[in-house]
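# Descriptive structure summary
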Amino acid sequence: MRHLLRLFLILLLAFVVDGQSVYSQESDPVTSTADSVATEPVTPPPASAFGLAGEDMPNDNGHKLRVKWQYPAEAVGDITGFEIWRATSPTGEFRMLGQAPNDYFEYLDIGNKETPAPDFMANNSDFFYKVVAIGKNGLRTESEPGGPFRTYGQWFHRGKTPVLVGVVLFGCFTFYFIRAAKKGKELYVRPLAGIEAVDEAIGRATEMGKPTLYILGIGTASEIATIASFAILGRVAKKIAEYQTQLIVPCYDAIVMSIAQDVVRSSYLQAGRPDQYSDDMVYFVTNAQFAYVAGVNGIMMRQRPATNFYLGYFAAESLILAETGNSIGAIQIAGTDQITQIPFFVVACDYTLIGEELYAASAYLGRDPLLLGSLKAEDWGKGIVMALIVVGVVATIFGWDGFRELIRVNL
Amino acid sequence: MKRRVPLIIVFCVSLFMVIQYFVPLDSLERVYRSFLDYTIIIGVFALLLGIWSLCRVNYDKIKRKSENWQYAIITLTGFFIMTIAGFLSGWGRTDNYLYQHLFSYVLVPIQATMFSLLAFFIASAAFRAFRARSLLATLLLISGLVIMIRFVPLGFLSEPISDLAGWILRVPNMAAKRAIIIGVGLGAVATAFKIMLGIERAYLGRD
Amino acid sequence: MNFLNRIVALDRRWVFLFLFVVVSMAYLLRNYFSVDITVTKEVKSIYDFIEKRNEGDKLLISFDYDPSSLAELHPMSRAIMLHCFRRGIRVVAVTLSQYGAGMVEEILREVAAEAKEAYGVDPQYGRDYCFVGYRPYPAMVILGMGENFRVFFPRDYYDTPLDSIPLMQGVRNYDDVNAVIGITSGTTADFWIVYGNARYDMPLALGVTGVMATDYYPYLGNAIFGLIGGWKGAAEYEKLIDRSADANAGMPAQVVAHLTIVLFIMIGNIGYLLSRKSTNAVS
């Protein structure tokens, strides 16, 4: 009799599992739930979700769909949440994607972009969904399949339109002022004390017969601050080569070191003193932040440079470096775009280039009209930003949300 | 030609980067990821150059017995011990006794000590710089004191001081920071344009 | 007059020495001090968030710091993880710091053992917590994890496929964890805000060093729902979970250090003002 009963249960279970269940291929717990359906029919299963709707997510290459569903308000308390399943046809194999809490009636399906992945979601394709309500009693009810919902790929990320407008506008300013500069138009740029002190600082090192230390920071070669620093290093190295004084450039990053060697070598060549250049001037120390600080501080304490330049990307090491430099009485010029570090440099250095002044330094030192032209474009850019801030404040005060939406960037 | 080829490469790659930011195509993203992979590969080879540079400079110091040459021995010894310890467990693994102990009981305390020096330097820099030289400097001084005192338990005064510190951070501090951020942002775009168009060439080692 | 000038131009080494002595004394005598810690809203909100979660909910904790800031950030990492283990919250750990992997592996094991000893729970690797490891380029990794954790972490730190780890089954991206807590000592905190929260809109909280904390206050309430700053924040969290540890032990030293700096600033200013007054009088 017991064997017969077991056989009956197995047959019943096989019937339930075979009956187009979305979980047929997936997991054991589900099978056991089906078992519980068969053996404990006393408590009713939860209500089914209905009204499945899907919409393609904008600004991608067709790999995202937002699925929404409805659920009877009076039955929400009976369930713990939902499971969301996806298939490429209503009768195909459904795959579980994720879960949602019981008071949440939508799910953002972010499919995989690569083909071999099991959750791959192709562009311009149809998908079908099922939502399974999970009852507090452990029973589960699946909805009717919803779909087809189609994914669409976009050619342009519309959320980034304000950025595009800004870049184009700024590009126009840059071209205009570069053309104006080429035609010989006199462009006024306000003097920067830190830049004007560069010659004086190198001259001081020459007079004292001591080296000049140039720190490019702890950024990689792709940081804008590091790139700006390369430009300044080129001009500083040229001056140093002309004055025939010593230059030390200890580097944090190996790629930065390679580029810096090239920059300094070229500067010595331009100054007509290629014989005085040696790769030992520009060398790698380490790419561990505080080990680098220890190394550079050691150089300062032992070689006692008369002039220190700290130009580039800096983090917590800024004050440790600058205070050590201050303690040996070096004249110090610093510049960084890292806002948190600017106060430290202001306190411990003689001159500090704040934020974009670092980027502009190369143009100031070279006095190249093309470079100065781009500085004027920056001024105009700032003017537009200031105008937008004023308009934004007014719009917010008067509740004109449209303006805010117009300039909002949606990544 | 030798001068132009790098500039053409810079222009093309920059243009690609700009386009891929606005165009959400998988093919562009794949190329973008390849560029990132190239960066890693170049970084690894550059690291070899860096290690070569480190060894050569320190070896020369020892060979020439230049001033303080003894430190170069410590640098090279540390470098070789850590490298050998890193390879003891085989390729791609560092979970051996020597490496873990060097990491936990040498590297960690040394780095933490260097970082803790910051507290001393902040103290000396604050002592020297926070002087009531002018109205603005006095405002800075008072703000600095309020921000610092909020860490100190002062009974019933703690809450209003904490609120005042919060206001200083949220309003005047944020206003100044945002102004600098906007300037930095525009400066970064301008520098990117200059590099893209070949106006700024100093990073290539030429004017 | 001479005395005033000497105060104004006090050699920095005296400042270092004085600070070292008072901080050391405060630390050594910490058992005789009691610092009354006021819990701030920004720390309480993280505690409340975890407290309100159900058992089995998941948190992604990113340990984005290296050994140099370990002393400052480890206490908050410990406190948060202990709280999670006590509440039965599952922890997915990741590090975006180059030197972080070994350190994170160690702290996870230690805290799991501590939780067992303190609360009688027994967090198991793979079921209650897992560590997916380290990948370079934090911004890219944060964006990639928003799509699928497996893009950058197909396997965990111990080379086990992510899909074979019970905890990670069904966890694809930020949608499948309840929140992200970034404990960071560098620019990665900005990346979490810009590339994580702004793009994927997941609940985000940050734990940062004391120096960095001021930078992230403005984001409270919009981009981040909570913020723990340095030892002070960690001490508040320890108070909330009722477990006094490293941060609380360090609070007397921290308070004394702040008072010392304030004292030096005041002495410097008094010296400066008096010397200026006497210079004016002479002229």
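Think of each chain on its own: its residues are numbered from 1, step by step along the sequence as written. Chains carry letters and ligands carry numbers; both start at the beginning, A for chains and 1 for ligands, and go up in the order they are written. Side-chain atom pairs in this predicted model are given and counted only at pLDDT of 80 or more, local residue features only at pLDDT of at least 70, and totals for whole chains, interfaces and linings cover all residues.

A few words on the overall build of chain A. Strands are runs of DSSP state E lasting at least two residues, helices are runs of H or I lasting at least four, and both sets are numbered from the N terminus onward. The secondary structure content of chain A amounts to 12 helices and 14 strands. Using C-beta atoms placed from the backbone, we call a residue buried if 20 or more other C-beta atoms fall within 10 Å of its own, exposed if 12 or fewer do, and partly exposed for counts in between. Residues classed as buried in chain A amount to 44% of the 411 residues present. When contacts within chain A are restricted to residue pairs at least 6 apart in sequence, long-range pairs at least 24 apart make up 67% of them. Think of it this way: build a C-beta for each residue from its backbone, and any pair within 7 Å is a contact.

What follows covers the domain arrangement of chain B. Residues and elements named next belong to chain B. Domain annotation for chain B reports domain 1 (1-78) and domain 2 (130-207). Residue ranges assigned to each domain were obtained from an automatic or database domain assignment. Here the C-alpha centre of domain 2 lies 32 Å away from the C-alpha centre of domain 1. On the side of domain 2, 4 residues touch domain 1, which itself brings 5 residues to the contact. Throughout this entry, Asp, Glu, Lys and Arg are counted as charged residues, while Ala, Val, Leu, Ile, Met, Phe, Trp, Tyr, Cys and Pro are counted as nonpolar. The remaining residues, Gly among them, count as polar. Counted by class, the side of domain 1 that touches domain 2 contains 4 nonpolar, 1 polar and no charged residues.

Further remarks concern the pairing of strand 2 (residues 90-95) of chain C. All names here are of chain C. Of all 6 residues in strand 2, 6 are buried; the element is thus mostly enclosed. A pair of strands is considered paired only if DSSP assigns at least 2 bridges between the two. Bridge count for strand 1 (residues 58-64) against strand 2 is 5 bridges, and the pairing is parallel. In the sheet register, isoleucine 61 faces strand 2, and the bridge partner there is alanine 93. Clockwise travel from the first strand over the helix to the second, with the strands pointing away from the viewer, marks a crossover as right-handed. Regarding the hand of the β-α-β motif, the stretch spanning strand 1, helix 4 (residues 70-87) and strand 2 is right-handed. Note: strand 2 against strand 3 (residues 129-134), 4 bridges, orientation parallel. Along strand 3, the bridge assignment pairs valine 91 with tyrosine 129. For the crossover that starts at strand 2, traverses helix 5 (residues 101-119) and ends in the parallel strand 3, the hand is right-handed.

Of the residues lining the interface, 15 residues belong to chain C; the matching set on chain A comes to 12 residues. Where the side of chain C that touches chain A is concerned, the elements lending two or more residues are helix 8 (188-200) and helix 9 (210-216) of chain C. Per-element tally for the side of chain C that touches chain A: the top contributor is helix 9 of chain C, with 3 residues. For the side of chain C that touches chain A, the class distribution of residues is 3 nonpolar, 5 polar and 7 charged.

With that settled, consider the sheet that holds strand 10 (residues 247-251) of chain A. Residues and elements named next belong to chain A. On the basis of which strands lie adjacent, the open sheet formed by 6 strands has the order 11-10-9-12-13-14 and parallel pairing. Strand pairing shows two members of the sheet lacking a second neighbour, strand 11 (282-284) and strand 14 (351-354), which therefore form its edges. The mean inter-strand angle of the sheet, taken between neighbouring strand axes irrespective of direction, is 15 degrees. Relative to strand 11, strand 10 is paired through 3 bridges, and the arrangement is parallel. Counterpart to proline 250 in the pairing with strand 11 is tyrosine 283. In this analysis an axis means a line fitted to C-alpha atoms, helices contributing only their contacting stretch, and an angle means the value between N-to-C directions, from 0 to 180 degrees.

Buried Ala, Val, Leu, Ile, Met, Phe, Trp, Tyr and Cys residues form a nonpolar core when they are connected through C-beta atoms within 7 Å. Grouped together as the largest cluster of nonpolar side chains are 198 residues, with contacts concentrated most on Leu233, Cys251, Ala260 and Val264 of chain A together with Val92 and Ala93 of chain C. Those residues in contact with alanine 93 of chain C, other than ones at most four positions away along the chain, are Ile61, Phe63, Val104, Leu108, Tyr129, Cys130 and Phe131 of chain C. Membership of the second largest hydrophobic core comes to 21 residues, among which are Ala49, Met96, Leu97 and Tyr129 of chain A.

Right, let's get into the interface of chain B and chain A. Contacts between the two partners involve 50 residues from chain B and, on the opposite side, 60 residues from chain A. Of all the secondary-structure elements, those providing two or more residues to the side of chain B that touches chain A are helix 2 (26-64), helix 4 (97-129) and helix 6 (158-196) of chain B. In terms of residues, the side of chain B that touches chain A owes the most to one element, helix 6 of chain B, which gives 15 residues. Class assignment for the residues of the side of chain B that touches chain A results in 32 nonpolar, 10 polar and 8 charged.

Once that is clear, we can look at the confidence of the model for chain B. For every residue, the predictor states its confidence as a pLDDT score lying anywhere from 0 to 100. Taken residue by residue, chain B gives an average pLDDT of 85. The fraction at 70 or more is 95%. Scoring of the predicted complex yields 0.80 for pTM and 0.87 for ipTM.

Let us look at the sheet that holds strand 3 of chain C. All names here are of chain C. With parallel pairing, 6 strands are arranged side by side in an open sheet as 3-2-1-4-5-6. Strands at the two margins of the open sheet, each flanked by one partner only, are strand 3 and strand 6 (226-229). Strand-to-strand twist of the sheet, defined as the mean angle between neighbouring strand axes without regard to direction, takes the value 15 degrees. As judged from the 5 bridges shared by strand 4 (residues 179-184) and strand 5 (residues 204-208), these two strands associate in the parallel manner.

With that settled, the discussion passes to the confidence of the model for chain A. When pLDDT is averaged along chain A, the result is 84, and 90% of the positions lie at 70 or above. Across residues 11-38 of chain A, confidence stays below pLDDT 50; counting only partners more than four residues off in sequence or on other chains, it has 27 contacts.

Another aspect to go through is helix 6 (residues 254-270) of chain A. Three or four residues apart is the spacing at which side chains of an α-helix point the same way, because the helix has 3.6 residues per turn. Multiplying 1.5 Å by the residue count of a helix minus one yields the expected span of that helix. Its 17 residues place the ends of helix 6 of chain A 24 Å apart at the C-alpha level, agreeing with the 24 Å of an ideal helix rising 1.5 Å per residue. Once helix 6 of chain A ends, the next one or two residues include glycine 272 of chain A, with phi positive near 80 degrees.

Time to look at the packing of helix 11 (residues 369-397) of chain A against helix 6 of chain B. Angle between the axes and distance between the axes: these two values describe a pair of packed helices. As a packed pair, helix 11 of chain A and helix 6 of chain B sit with axes 10 Å apart at the nearest point and diverge in direction by 145 degrees. Seen from above, helix 11 of chain A lies across helix 6 of chain B with right-handed handedness. Residue-level contacts link Leu371, Ser374, Ala377, Glu378, Gly381, Lys382 and Val385 of chain A of helix 11 of chain A to Ile182, Gly183, Leu186, Gly187, Ala190, Phe193 and Lys194 of chain B of helix 6 of chain B. Classifying every residue of the contact of helix 11 of chain A with helix 6 of chain B gives 7 nonpolar, 4 polar and 3 charged. By convention, the crossing between two helices is left-handed when the near helix turns anticlockwise from the far helix through less than a right angle, and right-handed when the turn is clockwise.

Here glycine 147 of chain A and proline 148 of chain A are connected by a cis peptide whose omega angle stands at 0 degrees. The residue asparagine 68 of chain B is not glycine, and still its phi comes out positive at about 55 degrees. Among the structural elements, asparagine 68 of chain B can be located in the loop between helix 2 and helix 3 (69-87). In this model, aspartate 159 of chain C sits at a positive phi of 70 degrees, which is unusual for a non-glycine residue. Overall, aspartate 159 of chain C belongs to the exposed group, with 10 C-beta atoms counted inside 10 Å.

This part is about helix 2 of chain B. If you check helix 2 of chain B, its first and last C-alpha atoms are 56 Å apart, about what 39 residues at 1.5 Å a residue would give, namely 57 Å. Looking at helix 2 of chain B, one finds that the buried residues are Gly50, Ser53, Leu54 and Lys61 of chain B. Its buried side turned inward, helix 2 of chain B meets helix 6 and strand 11 of chain A together with helix 3 of chain B. Positioned one or two residues after helix 2 of chain B, lysine 65 of chain B has a phi angle of 50 degrees, which is positive.

The N-to-C vectors of helix 7 (residues 289-303) of chain A and helix 4 of chain B enclose an angle of 65 degrees; their axes lie 9 Å apart at closest approach. Taken together, the axes of helix 7 of chain A and helix 4 of chain B lie roughly perpendicular to each other. When the axes of helix 7 of chain A and helix 4 of chain B are compared, the crossing they make is left-handed. Residues Phe290, Val293 and Ala294 of chain A of helix 7 of chain A touch helix 4 of chain B, and the partners they reach there are Gln111, Met114 and Phe115 of chain B. The class makeup of the residues in the contact of helix 7 of chain A with helix 4 of chain B is 5 nonpolar, 1 polar and no charged. What sets the label is the angle itself: under 35 degrees gives roughly parallel, over 145 gives roughly antiparallel, 65 to 115 gives roughly perpendicular, and the rest give oblique.

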